[in-house]
Structure formats: C-alpha cells, structure tokens
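Chain by chain, the residues:
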Amino acid sequence: MLFRRVYRTVVCLCFSVFVATAFAPAASMHSLIAVARKYDYAYMLRNPESAVELTKGGTDIIIRPGSRLYWVNGTPSSLAVAPVMHDRDVYVSDDLVADLGRIARAMPALDPSPSDPAPAVSAGPVTVAAVGGLGAETLSVSGTAPKYAPVTISLYGTISRDLPTVFLTSHSTVAGSDGRYALTVPIDPDYFRGTLITVKAAVPNGNFASAKYVVGAPNPDAVTPADSDDRP
C-alpha cells in the first residue's frame with residue numbers, strides 16, 4: 001500500500017507539469033488571439049493554461065503554453081521559444097506567427113479545382129465511442145459524423161479530483177460516404193491506471209460528441225510471474 005501511495009503521488013506530480021505556469025510575455029511576443037483573428041482561425045482555449053486549439057477548414061492546430069512543440073492535424077513541429085500564458089491569452093514568438101500565416105495562406109491552394117469538386121459535406125449529428133486496445137496503450141475510436149466531414153479527435157486526461165483536466169493529444173480523420181469514421185489513437189502520456197480519459201470528436205460546423213474511458217491494463221487477462229505478489 002505504501003508503494004502505491006508513493007507511486008500515485010509521483011505520478012500526480014509528474015502529471016501536473018502539463019499545466020503551464022503563467023509568465024509575463026516578452027515584448028517581442030504576440031497575442032495568439034490577435035494572430036488567430038488576423039489569419040481567420042477559430043480560437044478555443046481548452047482548460048486554461050493547458051492548451052489552445054486553432055481551427056480553419058479541415059486544419060486543427062494545438063498549442064500548449066510552456067511547450068516548444070505544437071501539433072498540426074496531429075503532426076508535431078518544434079519552436080525556438082515556447083508560448084506563455086498571460087492574462088487568459090497565449091503569447092507566441094515570431095516563428096510560430098510565421099508558421100500560422102504560412103499554413104493559412106496555403107489553404108486556398110489545397111482547395112479542389114472547379115473541374116474536380118470535393119463531395120459536399122452534409123449536415124448531421126456526431127457520435128463517438130472509445131474502446132481500449134488489447135495489448136497496447138491505445139484506444140479504438142469510432143463513430144458517425146456528416147459524410148465527408150473532417151473529424152478532430154481530442155483526448156483529455158483527468159487523473160484526480162485534486163488536479164485539473166489536461167489536454168493529451170489530437171488526431172484527425174474524415175468521415176466516409178456512409179458517415180462513419182474509425183481510427184486507433186495512442187493514449188500517451190497518460191498510462192496511469194484508473195485515470196479518466198475524455199474522447200471528444202468535433203467537426204468544423206461546431207457539432208461534437210464525447211465518450212469516457214477509464215485507463216486499465218493493456219493485457220487484463222494475462223497472468224505472468226512479474227504480476228505475482230510473491231515475486232522475489
């Protein structure tokens with residue numbers, strides 16, 4: 001029991017580093033709200049001091065104060081200077097402003113030509129379900145959305161009632177012609193047993209759905225000597 005309490009305390013302390021500390025921004029840094037407005041991104045602050053989500057068209061960008069990594073549709077990129085949280089806004093460096101501008105300007109070039117129109121995105125509700133992967137620290141996520149709609153899957157971890165919920169990761173997919181989507185996503189870095197993971201599926205029109213998953217052992221039925229309480 002003592003080991004478990006110590007283990008839980010250590011994990012809680014490690015987990016808390018996801019919550020960025022508020023620092024006064026340098027004079028050369030830029031308000032992310034202003035940058036998002038300039039490039040016509042939708043701005044959403046998720047769990048203050050944890051993550052900001054920018055969306056435009058089918059592009060989803062996750063920026064976390066205190067982290068030198070940011071994610072574009074689930075793909076990480078690095079920054080020279082980490083963003084900082086200040087007065088309920090995030091302040092970012094010149095390199096991230098330049099990247100956001102480049103991404104925004106590239107979007108029209110990704111539009112299909114009139115001779116090859118994309119399938120129309122229909123209206124409709126969003127559903128999502130999440131099942132733990134067998135033998136892996138993953139989730140099998142599936143559900144329905146308007147057909148051909150881009151779907152952003154975001155994971156949030158709640159480790160304890162005494163700690164804030166934190167953003168874990170984000171992934172993108174597209175609903176098929178039948179309105180169904182499915183993908184497998186990792187749950188890292190939240191491997192702590194008993195943690196509650198919230199899986200949110202969202203589409204650009206603002207509709208979303210969520211599901212809950214309690215982190216368990218990846219091989220719950222396995223019996224090995226390493227799991228024995230009597231091991232040396």
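The notes below deal with the structure included here. (Residues numbered from 1 in each chain as written. Predicted model: local features only at pLDDT ≥ 70, side-chain atom pairs only at ≥ 80, totals over all residues. Heavy atoms only, no water.)

**Describing the pairing of strand 3 (residues 51–56)**
Right, on to step 1. Note that strand 3 and strand 4 (residues 59–63) share five bridges and pair antiparallel. Looking at the pairing, Leu54 lines up with Ile61 of strand 4.
Right, on to step 2. The turn linking strand 3 back onto strand 4 is made up of two residues, and Gly57 within it adopts a positive phi angle of 60°. (Pairing = 2+ DSSP bridges. Helix = DSSP H or I, 4+ residues; strand = E, 2+ residues; numbered from the N terminus.)

**Details of the sheet that holds strand 1 (residues 30–31)**
By definition, the strands of a sheet pair up through backbone hydrogen bonds, in either a parallel or an antiparallel sense.
Right, on to step 1. Reading across the sheet, the three strands line up as 1-8-7 and stay open at both edges, with antiparallel pairing between neighbours. Looking at the sheet topology across the chains shown, the edges are occupied by strand 1 and strand 7 (84–86).
Right, on to step 2. With two bridges connecting them, strand 1 and strand 8 (residues 89–92) associate as antiparallel partners. Paired with His30 across the strands is Val92, a residue of strand 8.

**Comments concerning the nonpolar core**
Right, on to step 1. Ranked by size, the top nonpolar core spans 25 residues in total, and within it Leu139, Val141, Ile153, Leu155, Tyr181, Ile197 and Val199 carry the most contacts.
Right, on to step 2. Those residues in contact with Ile197, other than ones at most four positions away along the chain, are Leu139, Leu155, Tyr156, Leu168, Ile187, Asp190, Ala211, Lys212, Tyr213 and Val215.
Right, on to step 3. In terms of nonpolar packing, the next biggest core, distinct from the first, is built from 21 residues, Leu54, Tyr70, Val92 and Met107 among them. (Core = buried A, V, L, I, M, F, W, Y, C linked by side-chain atoms within 4.5 Å. Buried < 20%, exposed > 50% of the residue type's maximum accessible area, 1.4 Å probe, protein only. Contact = heavy atoms within 4.5 Å.)

**Considerations on the packing of aromatic side chains**
Right, on to step 1. Under the definition given, this model contains one aromatic pair.
Right, on to step 2. Centre to centre, the rings of Tyr156 and Phe167 are 5.8 Å apart; their planes meet at 65°, and the pair counts as edge-to-face. Of this pair, Tyr156 sits in strand 11 (residues 150–158) while Phe167 is found in strand 12 (residues 166–174), placing the two residues 11 residues apart along the sequence.
Right, on to step 3. Judged by relative accessible area, which is 7%, Tyr156 ranks as buried.
Right, on to step 4. By relative accessible area, Phe167 is classed as buried at 1%.
Right, on to step 5. Geometry around Tyr41 places Lys56 over its ring, the cationic atom sitting 5.9 Å from the centre.
Right, on to step 6. Positioned above the aromatic ring of Phe208 is the side chain of Lys200, whose terminal nitrogen or guanidinium carbon lies 4.4 Å from the ring centre. (Phe/Tyr/Trp six-rings, centres within 6.5 Å; stacked < 30°, edge-to-face > 60°. Lys NZ or Arg CZ within 6 Å of the ring centre and 35° of its normal.)

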